[in-house]
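Observations on the three-dimensional arrangement
Listed below are the residues making up each chain.
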Amino acid sequence: MTAAVWVDLFPWLDDYVSDRAAQLERLAEPSDWWLADSPAVTASETDLETILGELADLFVAHHKTLALAEAFPKVPTAFPVTALDAGPVATTTIQRAINAGTVAPLLRMTAGELFAVRGTGEETVAEVAYALLRISVRADPWQGTESLDVDEGNPALEQLLGDLTAFAQWRQLRGLRDRPLLTVVLDDESPAAIQEIATRISAITPEDFPDRKIGDPVAEVERLISTFTEAERTVLDRRLLAREPETLSRVALALHVSKGRASGIESGMKRKFLAACDFGTAAGTLLASIRMDMRPVARLDRLIERHPELAAPVSSFEVPLWFALDRFDDIFEVTDGWAAAPNVRAAKQHTVDLLAELADEEGSATTAEIAAVLGMPPEECAAWLNWCAIPLPTENSPVAEHGPSSDERPGGLIEEAADDASVAVAGAAVPLEVPVGILDAVATEPIPFSLPVAQPTEVGSPGADPGAPAKGGQTPRRRERRPAAPERTRGLYRTADGWRYRLVLTLDHLRGSGFAIPGGVATAVGCAPGTTATLDSRLGPQTVRFTGMQPTCGTIRRFLAELDSDPGDVVFLLFDDDGSFDIQPAPRVARSGRPLDHALATIGRTTPSISRDAGLRALAVAIGLAEDAGPARILEAYGARAHDPVLPYLQTICAAEDHVG
């Protein structure tokens, strides 16, 4: 390893001082290691590969516009691409980008420009940065290249085989062993030989690949627990894996530390879990699979039936594996037998939003339709709606034609659009009245919880056909999904050149998962049911899919890493009319700011000291009204949405101007 100081090797590290220094301080000792030590010294005390991996991620997140030659000045321009030891995926990206034998053209590029190379994502760009970091920390960059075999084959073919194998094994885990992995689109009147080739390619399924051995997730969790310090074990015993968790204050008292320090220990343990049980490990892959079964909620017994290892005991704490995963991983929680992502409260909110979106012109939606979108059997869907206190009235039971007015509704999970929703039992559509305040009460009151895992119960198949006969022999109506109106979609706002969608971030988003979006967002970007839309962005293509029961957006992690986002942060997804995509953080407004300023920030506008009339025009245009719409009309339009976050500020504005009817 070189004896040069880190900051001399990588000048961009000089920016990490004051508040930004914390991102590097946690990686090694001393706290200013990148300013004081060399890779040779750091490697003697810390795992160098881990340091380089963290630096690669940091570089890609925050230095996308820096030329690679400036970021990695020690890399010789004559260094051969085949000597980078970058792996087939990164090497394929490099060859697509420069088609050259040496790295000279690559060094003239930026990390941001690499995102534009077809098939390139965040991890691939980080792998390129990692390869350049490894060369830079060598005492002699050319070390090991003398005997290099230049005939490395075709990395794109190697990448294809590796990707197909990984995809096939994921499909195996998901129980989709007979689904084709590839679809071939042929030109009209293609030669018979080409048609046969297409037929053979289309016949490739996961059955043609070796079964994936995912290992033992319980053993991985036990190994992780065995590495914890005495203080961490105390947090485990008393709080994290305790049947009756103690408060942080009591745990801090037992540890003789501050409450903040105890919280930091607990957070550090969760970070260790994420690092040790990432996707690809047995526990991480299991978590990814059960997350697919929660859209966003599922009965725990159904998950255990599909993944029996969830009921296996973690013997060191005498709890089932699902309980340990629930406590270690904030991506989901188990409450009263329901597993929800990221939590039950959010799953209830999603369900109410879904009822509003699925309701037809008559204000009805069948349980089969709701179940299909939620990916659960109809019986389980009915139980979930019942648990949420959304009643399923029988055909003869008396129900109100309309729920309480919006003026009578408190803030919370109940939303106005649910007034006209309905559900169907055994195919008979009936009105649905959502009681005021019930969901909030259920969400906040403690719910009794029993550790012993219930025996799996017999339920229908997830994602049941909405047109299949229900119990009693009746068949629910099969209806075409009507396109959702962007103007009536909560959190979606029109701009001069596109749309903004307001999103509260969860760990799912930060970890790179795709996520469901309202139908109105798909409509706004021109993604009709059964289609996929690919949008341009400065960080590579962004995909919106409506190929299932609900539209989804592809990973946005590369944007969030750039913003240093945390769970709970609010961002706006920007969908421009020209087909481009970006993300911006929500504007910040002081608590003392005017209600108008808060309302504009809620729709993503950053216009301090804007006049009242200009602000109202912006709010009107954001929801599709004419610019001259008055405050009362604007309030009415936002009130027709499902509890849009702008609504409280508009109510305050109108009350102050005596416009409340």
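Residues numbered from 1 in each chain as written. Predicted model: local features only at pLDDT ≥ 70, side-chain atom pairs only at ≥ 80, totals over all residues. Heavy atoms only, no water.

**Comments concerning the side chain of serine 136**
Residue placement: serine 136 occurs in helix α10 (residues 122-136). Within the local environment of serine 136, its side chain forms a polar contact with the backbone oxygen of leucine 132, the two atoms lying 2.8 Å apart. Look past the residues within four positions of serine 136 in its chain and what remains in contact with it is Thr2, Leu9, Phe10, Phe72, Lys74 and Val75. (Helix = DSSP H or I, 4+ residues; strand = E, 2+ residues; numbered from the N terminus. Polar contact = N/O pair within 3.5 Å; in protein donor to acceptor, adjacent residues only side chain to side chain. Contact = heavy atoms within 4.5 Å.)

**Focus: α10**
Within an α-helix, residues lying three or four positions from one another point in the same direction, as the helix has 3.6 residues per turn. Given a rise of 1.5 Å per residue, 15 residues ought to cover 21 Å, and the 21 Å separating the end C-alpha atoms of α10 matches this to within 8%. Among all positions of α10, only Thr124, Val125, Ala126, Val128, Ala129, Ala131, Leu132, Leu133, Ile135 and Ser136 are buried. Lining the buried residues of α10 we find α1 (6-9), α5 (48-62), α6 (68-71), α7 (87-98), α8 (104-107) and α9 (111-114). (Expected span 1.5 Å × (residues − 1). Buried < 20%, exposed > 50% of the residue type's maximum accessible area, 1.4 Å probe, protein only.)

**Topic: a nonpolar patch on the surface**
A surface patch of nonpolar side chains, about 330 Å² in accessible area, is lined by Val184, Leu186, Ile194, Ile197 and Ile201. If you trace the backbone, valine 184 turns up in the loop between α11 (155-173) and α12 (192-202). Classification of valine 184 as partly exposed rests on a relative accessible area of 32%. (Patch = residues over 30% accessible without salt bridge, like charges linked within 9 Å, V, L, I, M, F, W, Y side chains within 5 Å. Areas by Shrake-Rupley, 256 points an atom, 1.4 Å probe, with all protein chains shown as cover. Salt bridge = Lys/Arg side-chain N within 4 Å of Asp/Glu carboxyl O.)

**Focus on the packing of aromatic side chains**
The tally for this structure, following the rule as stated, stands at 17 aromatic pairs. Look at phenylalanine 228 and phenylalanine 328: their rings are 6.3 Å apart centre to centre, the planes differ by 40°, and that puts the pair in the tilted class. Here phenylalanine 228 is found in the loop between α13 (217-226) and α14 (230-240), whereas its partner phenylalanine 328 is found in helix α19 (residues 321-328), with 100 residues between them in sequence. Since its relative accessible area comes to 7%, phenylalanine 228 is described here as buried. Residue classification places phenylalanine 328 among the buried residues on the basis of a relative accessible area of 1%. Plain terms: the ring middles of phenylalanine 575 and phenylalanine 581 are 5.3 Å apart, the flat faces sit at 55° to each other, and that makes the pair tilted. (Phe/Tyr/Trp six-rings, centres within 6.5 Å; stacked < 30°, edge-to-face > 60°.)

**Some details on the sheet that holds strand β5 (residues 338-340)**
The three strands are arranged β1-β5-β4 in an open sheet whose pairing can be described as antiparallel. The open sheet terminates on both sides in strands that have one partner only, identified here as β1 (297-299) and β4 (333-335). On average, each strand axis in the sheet is inclined to that of its neighbour by 25°, with strand direction left out of account. Bridge analysis of β4 against β5 gives three bridges, and the strand direction is antiparallel. Of the residues in β5, the one forming a bridge with threonine 335 is tryptophan 338. Packing of helix α20 (residues 344-358) onto the sheet brings it into contact with β1, β4 and β5, and relative to β5 it is tilted by some 80°. (Pairing = 2+ DSSP bridges. Axes fitted to C-alpha atoms, helices over the stretch in contact; angles between N-to-C directions.)

**With respect to the packing of helix α21 (residues 367-374) against helix α22 (residues 378-387)**
Put simply, α21 and α22 touch, their axes get as near as 9 Å, and they point 95° apart. Between α21 and α22, the angle falls in the class roughly perpendicular. Residues Thr367, Ile370, Ala371 and Leu374 of α21 pack against Pro378, Cys381, Trp384 and Leu385 of α22. For the contact of α21 with α22, the per-class residue count stands at seven nonpolar, one polar and no charged. (Parallel < 35°, antiparallel > 145°, perpendicular 65-115°, else oblique. Nonpolar A, V, L, I, M, F, W, Y, C, P; charged D, E, K, R; others polar.)

**Side note on the pattern of salt bridges**
This model, assessed by the stated rule, comprises 23 salt bridges. For the salt bridge of glutamate 123 with arginine 557, the shortest nitrogen-to-oxygen distance reads 3.2 Å. Remark: arginine 557 occurs in helix α26 (residues 557-563) and glutamate 123 occurs in helix α10; sequence separation between them is 434 residues. You can call arginine 557 partly exposed: its relative accessible area is 25%. For arginine 250, the salt bridge is made with glutamate 246, and the minimal N-O distance between the two is 4.0 Å.

**Comments concerning the side chain of serine 289**
Mapped onto the elements, serine 289 comes out in helix α17 (residues 282-293). Those residues in contact with serine 289 that lie beyond four places of it in its chain are Trp170, Leu173, Arg174 and His307.

**Things to note about the nonpolar core**
With 75 residues, the main nonpolar core has Trp6, Trp12, Leu13, Phe72, Leu84, Ile556 and Leu573 as its most contacted residues. Grouped together as the second largest cluster of nonpolar side chains are 39 residues, Val235, Phe273, Ala283 and Met294 included. (Core = buried A, V, L, I, M, F, W, Y, C linked by side-chain atoms within 4.5 Å.)

**Notes on the sheet that holds strand β15 (residues 581-585)**
One open sheet accounts for four strands, arranged β8-β9-β14-β15; its pairing is antiparallel. Taken across any chain shown, the strands that pair with only one partner, and hence form the sheet edges, are β8 (492-495) and β15. On average, each strand axis in the sheet is inclined to that of its neighbour by 25°, with strand direction left out of account. Alignment of strand β9 (residues 498-504) against strand β14 (residues 570-576), held across seven bridges, turns out to be antiparallel. Across the sheet, arginine 500 pairs through a bridge with leucine 574, a residue of β14.

**A few points about the confidence of the model for the protein chain**
Overall, the predicted model of the protein chain reaches an average pLDDT of 82, with 83% of residues at or above 70. In the model, residues 393-478 has pLDDT below 50 throughout and makes 168 contacts with residues more than four positions away in sequence or in other chains. (pLDDT = per-residue confidence, 0-100.)

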